[in-house]
Amino acid sequence: MANTTDTIDADLIVLGSGPAGLTAAQYAARSNLKVTVVEEMAPGGQALNIDVLENYPGNVARGNTPPLSGFDFSRDLHRQAGDFGASFVMEGAVSARRGDNGDFSVATSGGKILRAPALILATGAVRRKLGAAGEAEFAGRGVSYCATCDGPFFKGRRILVVGGGDSACDEAQYLARLSDRVILIHRKSMFRAQKSLAERTLANDHIEVRFNTRLKEIRGDKNVRQVALEGPAGSYEEEMDGVFIFAGSLPRTELVKDLGVALDEAGYVITDQRMETSAAGIFAAGDVRSSPFRQVVVAAGEGAVAAHCAAMYLDELRGAVYS
């Protein structure tokens, strides 16, 4: 059992500190709630991997100053939430349960116990593995899921990008600034990425796009050396130094699966327009939530709504009902 010094009481616990979690923390703290954010990695979530956050409203180039990167944007969000009074526990959340009194108890990897009557799930999603032969074997040795993290290791090298969504197109363009030998393959006949992003990708002279093409196998010795592909004309092999895979995401819902939170067929959390889940007192926002469109601006907006409605829920618990 945790010591009393390891127990933190709050009005609201926010699990995750991507754009949804940080915005929720800011809005909840501004509502005079005691907010504790739990984050096992660095604040920012997947936004940290965005090279240029060009489609966030107001984040535009000013003279010689380019739009903020995802890293800078996340840093500012984190600082802003802290300035409003949100506190942070930089440890992983290992369990979450509801006590007999209805409050939630979250245990962290560092031995802390956090308690609060309301919870916002903003745990986001993780990169989906493709499942190709050799993918696991060469992970970290030529196979990557983050261009801005690992792209600089492949300057001037032969790079394969796999995927057809926003992430694949965006990160292929980043890699094309490092090498003029970038091949982007997609298993379907057209991109599912936003139209403007897809058009820029197709127009990039450093990116060769191949539709209706699948990655069958990744081969090499200590590092990636070759890939086996299957296209419209059949199977073939090609020399390659790096493989960047963007095959979608998997929602991180393991913490609340025993709390009665309903999920959709793909495993994402179902909420109403208040961001409230099927379990009273639990709200969700960002990439973990069932949504037709997952973007930083959407996550931030959902975080604000979740915080506002969580504050209303807490008022109702305390008898302060507005008519």
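To start, this report covers the structure provided alongside it. Only a predicted model underlies this, so the values are computations on that prediction, with no experimental measurement involved.

Rules used in this analysis
- Residues numbered from 1 in each chain as written.
- Predicted model: local features only at pLDDT ≥ 70, side-chain atom pairs only at ≥ 80, totals over all residues.
- Heavy atoms only, no water.
- Salt bridge = Lys/Arg side-chain N within 4 Å of Asp/Glu carboxyl O.
- Helix = DSSP H or I, 4+ residues; strand = E, 2+ residues; numbered from the N terminus.
- Buried < 20%, exposed > 50% of the residue type's maximum accessible area, 1.4 Å probe, protein only.
- Pairing = 2+ DSSP bridges.
- Contact = heavy atoms within 4.5 Å.
- Axes fitted to C-alpha atoms, helices over the stretch in contact; angles between N-to-C directions.
- Patch = residues over 30% accessible without salt bridge, like charges linked within 9 Å, V, L, I, M, F, W, Y side chains within 5 Å.
- Areas by Shrake-Rupley, 256 points an atom, 1.4 Å probe, with all protein chains shown as cover.
- Lys, Arg positive; Asp, Glu negative; His and termini not counted.
- Charge placed at Lys NZ, Arg CZ, Asp CG, Glu CD.
- Right-handed = clockwise from strand over helix to strand, strands pointing away.
- Expected span 1.5 Å × (residues − 1).
- Phe/Tyr/Trp six-rings, centres within 6.5 Å; stacked < 30°, edge-to-face > 60°.
- Lys NZ or Arg CZ within 6 Å of the ring centre and 35° of its normal.

Before going further, it helps to examine the pattern of salt bridges. Enumeration according to the criterion identifies 18 salt bridges in this entry. In this structure, Glu171 and Arg127 form a salt bridge, with 3.2 Å as the shortest nitrogen-oxygen distance. Of the two residues, Glu171 is situated in helix α4 (residues 166-175) and Arg127 in strand β9 (residues 125-127); the sequence distance between them amounts to 44 residues. The same class applies to Glu171 and to Arg127, which are both buried.

As a further point, take α4. Most of α4 is tucked away, with 7 of its 10 residues classed as buried. Listed in full, the buried residues belonging to α4 are Ala168, Cys169, Glu171, Ala172, Gln173, Tyr174 and Leu175.

This brings us to the sheet that holds strand β13 (residues 207-211). In any sheet, the strands associate via hydrogen bonds between backbone groups, in a parallel or an antiparallel arrangement. Across the sheet, which stays open at both edges, the 5 strands sit in the order β10-β17-β11-β12-β13 with parallel pairing between neighbours. On the outer flanks of this sheet lie β10 (143-144) and β13, each paired with one strand and no other. Sheet topology places strand β11 (residues 159-162) next to strand β17 (residues 242-245); 4 bridges connect them, and they run parallel. Across the sheet, the residue bridging to Leu160 is Val243, located in β17. Contacting β11, β12 (182-186), β13 and β17, α4 crosses the sheet at an angle of about 165° to β11.

On to the sheet that holds strand β3 (residues 35-38). Strand order in the open sheet formed by 5 strands is β4-β3-β2-β8-β19, with parallel pairing between adjacent strands. Looking at which strands have only one partner, the edges of the open sheet turn out to be β4 (87-89) and β19 (282-284). Between one strand axis and the next, the sheet turns by 20° as a mean value, whatever way the strands run. Bridging between strand β2 (residues 12-15) and strand β8 (residues 118-121) involves 4 bridges; their strand directions are parallel. In the strand pairing of β8, Leu15 is matched with Leu121.

The next thing to look at is a positive patch on the surface. A cluster of like positive charges, contributed by Arg187, Lys188, Arg192 and Arg214, occupies part of the molecular surface. Along the chain, the position of Arg187 falls in the loop between β12 and α5 (195-203). Here Arg187 falls in the partly exposed class, since its relative accessible area comes to 47%.

We now examine the environment of Asp287. Within the secondary structure layout, Asp287 lies in the loop between β19 and α6 (296-317). Leave out the neighbours within four places in its chain, and Asp287 touches Gln46, Gly124, Ala125, Tyr268 and Arg294.

This part takes up the pairing of β12. For β12, the tally of buried residues reaches 5 of 5 residues, placing the bulk of the element in the interior. Burial of the side chains of β12 extends over both faces: Val182, Leu184 and His186 are buried on one face and Ile183 and Ile185 on the other. Taken together, the 4 bridges between β11 and β12 define a ladder with parallel strand orientation. Looking at the pairing, Ile159 lines up with Val182 of β12. In this structure, β12 lies alongside β13, joined through 5 bridges in parallel fashion. Bridge pairing in β13 links Leu184 to Val209. One crossover worth recording links β12 to the parallel β13 by way of α5, and it is right-handed.

On to the environment of Arg294. On the secondary structure map, Arg294 appears in the loop between β19 and α6. Between the alpha carbons of Arg294 and Asp166 there is a distance of 9.9 Å; along the sequence they are 128 residues apart. Arg294 has contacts with Tyr268, Asp287 and Arg289, leaving out every residue within four places of it along the chain.

For the rest of this paragraph, the subject is α6. Over its 22 residues, α6 runs 31 Å from end to end, which matches the ideal 32 Å to within 8%, given 1.5 Å per residue. Trailing α6 by a residue or two, Gly319 shows a phi angle of about 85°, which is positive.

Okay, the packing of aromatic side chains next. Taken as a whole and judged by the stated rule, the model has 4 aromatic pairs. On the basis of an interplanar angle of 55° and a centroid distance of 4.8 Å, the ring pair of Tyr56 and Phe73 is categorised as tilted. One end of the pair, Tyr56, is in the loop between β3 and α2 (70-83); the other, Phe73, is in helix α2, and 17 residues separate them in sequence. Residue class for Phe73 comes out buried when judged on its relative accessible area of 10%. Taken together, a centroid distance of 5.5 Å and an interplanar angle of 80° make the contact between Phe154 and Phe244 edge-to-face. Taken together, the residues Phe154 in the loop between α3 (147-150) and β11 and Phe244 in strand β17 connect sequence positions 90 residues apart. Here Phe154 falls in the buried class, since its relative accessible area comes to 11%. With a relative accessible area of 0%, Phe244 lands in the buried category. Positioned over the ring face of Tyr145 is Lys129, at 4.9 Å from the centre of the ring. The residue whose ring lies beneath Arg294 is Tyr268, and the NZ or CZ to ring-centre distance is 3.8 Å.

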